[in-house]
Amino acid sequence: MSGGPPSRMRAALSRRYGGPEQIEVTQIETPRPGPGEVVIKLHATTVSRTDCGMLRGYPWFMRLSAGLFAPRAKVLGVDFAGTVAAIGEGVGAYAPGDRVFGLSPERFGAHAEYLCLPVTGPMALLPEGIEFADAVLCEGAWYAETYLQDFGIGPGDRILIYGASGAIGTAAVQLAKARGAEVTAVVGTRHVDLARELGADRVIDYQKEAYLALDERFNFILDAVGKASYFQCRKLLLPDGRFAATDLGAGWQNIWLSLWFGLIGSTRLRFPMPRANPVMIARFASLMRAGQLKAVIDRCYGLNEIVAAYRYVETAQKTGIVILDPVAQTGGETP
């Protein structure tokens, strides 16, 4: 191990399943890197829908892996950006002081001042000129990229993205455009300009126009917020088109339908499980460097304000991502 952070750090601790009010910001032992690991001093992370689900232990089957009666991961947080503070034995890819970003989908732990991760995990060097807060877009992009890869989307394909204003939706618009697709974004009135700025070829304001009444057909439809359904959208698909959703849907229908279509050998509805890796994060770094992938930041909070951050995310009204700054004592509602 080279160098080392302080022996204690601040972290947001959740010892049981429940609401945001039971989160406690307290001092805990700072992790130390083992062989092949790095400890990162965090400068930005996010509070996401995934964190909210893990906090409450919902959906219930998730507890089979996350902890049946209490969460195994006491500190949540998936996205991270910061500087390498210490390295373990055998680490050659990174050095103390390197700016890095990525995901911690298995260990979580980013709602703290320091995070320990294996160097083989989904992380990469942060491109020059990208601020830490602008780099914590990977979770939404991870889900979006998983679905676009599963679709096999490419130049000339037509995709409709429902809910193109959240963390997944804003990433999906940009990643689909980077693959050469023609993107139709469905958003509410206040997000119309944002969807255009992100590169959508056509923007539909669902508060003024019935997108289900469109007389055109798409190769792919992505429900990025879990509020549409295959049965509503199937008439908008081409005969070989595919629908995917990022949520379980009413009555967990997307799980059951994906199983059914799989049994009959159809790809009409897909519900792929995300798999993060360093190659994907390196791709995000390349797109960020080229200006083809950028963060859409709704609000910023300090670590001491994490309860308020969770409560806001649980309103399901956020645009893009909600930033948590582990360094700041307090934050602000707008960046």
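Provided above is the structure to which this section pertains.
A few points on the structure. Since we're looking at a predicted model, the values are computed, not measured. (Residues numbered from 1 in each chain as written. Predicted model: local features only at pLDDT ≥ 70, side-chain atom pairs only at ≥ 80, totals over all residues. Heavy atoms only, no water.)

## A closer look at the pattern of salt bridges
Part 1 of the argument: Per the stated rule, a full pass over the model turns up 15 salt bridges.
Part 2 of the argument: Between Arg299 and Asp298 there is a salt bridge, with the nearest N and O atoms lying 3.6 Å from each other.
Part 3 of the argument: Here the residues in one salt-bridge network are Arg158, Glu182, Arg202, Glu209 and Glu216, joined through shared partners. (Salt bridge = Lys/Arg side-chain N within 4 Å of Asp/Glu carboxyl O.)

## Re helix H8 (residues 278-289)
Part 1 of the argument: Relative to the 16 Å expected for twelve residues at 1.5 Å per residue, H8 spans 16 Å between its end C-alpha atoms, a close match to the ideal helical length.
Part 2 of the argument: On its buried face, H8 sits against strand S5 (99-103), strand S7 (123-125), helix H3 (138-151) and helix H4 (167-178).
Part 3 of the argument: Backbone nitrogen of Val279 and a side-chain oxygen of the N-cap are separated by 3.1 Å at the start of H8; the cap is Asn277.
Part 4 of the argument: In the segment just after H8, Gly291 is the residue with positive phi, at about 80 degrees. (Helix = DSSP H or I, 4+ residues; strand = E, 2+ residues; numbered from the N terminus. Expected span 1.5 Å × (residues − 1). Contact = heavy atoms within 4.5 Å. Polar contact = N/O pair within 3.5 Å; in protein donor to acceptor, adjacent residues only side chain to side chain.)

## Focus on the pairing of strand S12 (residues 237-245)
Part 1 of the argument: Across five bridges, strand S11 (residues 218-223) lies against S12 in parallel orientation. Of the residues in S12, the one forming a bridge with Asp223 is Ala245.
Part 2 of the argument: In terms of strand pairing, S12 meets strand S13 (residues 269-270) through two bridges, oriented parallel. By the bridge assignment for S13, Ala244 is matched with Arg270. (Pairing = 2+ DSSP bridges.)

## A short note on the packing of aromatic side chains
Part 1 of the argument: A complete count under the given rule lists seven aromatic pairs for this structure.
Part 2 of the argument: Seen in terms of ring centroids, Tyr162 and Tyr211 are 5.1 Å apart; in terms of plane orientation they differ by 35 degrees. Their pairing is tilted. With Tyr162 in strand S8 (residues 158-162) and Tyr211 in the loop between strand S10 (202-205) and S11, this residue pair connects regions lying 49 residues apart in the sequence. Pair check on accessibility: Tyr162 and Tyr211 agree, each one buried.
Part 3 of the argument: Put simply, the rings of Tyr162, Tyr206 and Tyr211 pair up and form one aromatic cluster.
Part 4 of the argument: A cation over a ring is seen here: Arg99 above Phe132, with NZ or CZ 4.9 Å from the ring centre.
Part 5 of the argument: Over the aromatic face of Phe218 sits the side chain of Arg158, whose NZ or CZ is 5.3 Å from the ring centroid. (Phe/Tyr/Trp six-rings, centres within 6.5 Å; stacked < 30°, edge-to-face > 60°. Buried < 20%, exposed > 50% of the residue type's maximum accessible area, 1.4 Å probe, protein only. Lys NZ or Arg CZ within 6 Å of the ring centre and 35° of its normal.)

These values are about where atoms sit, not about what they do.
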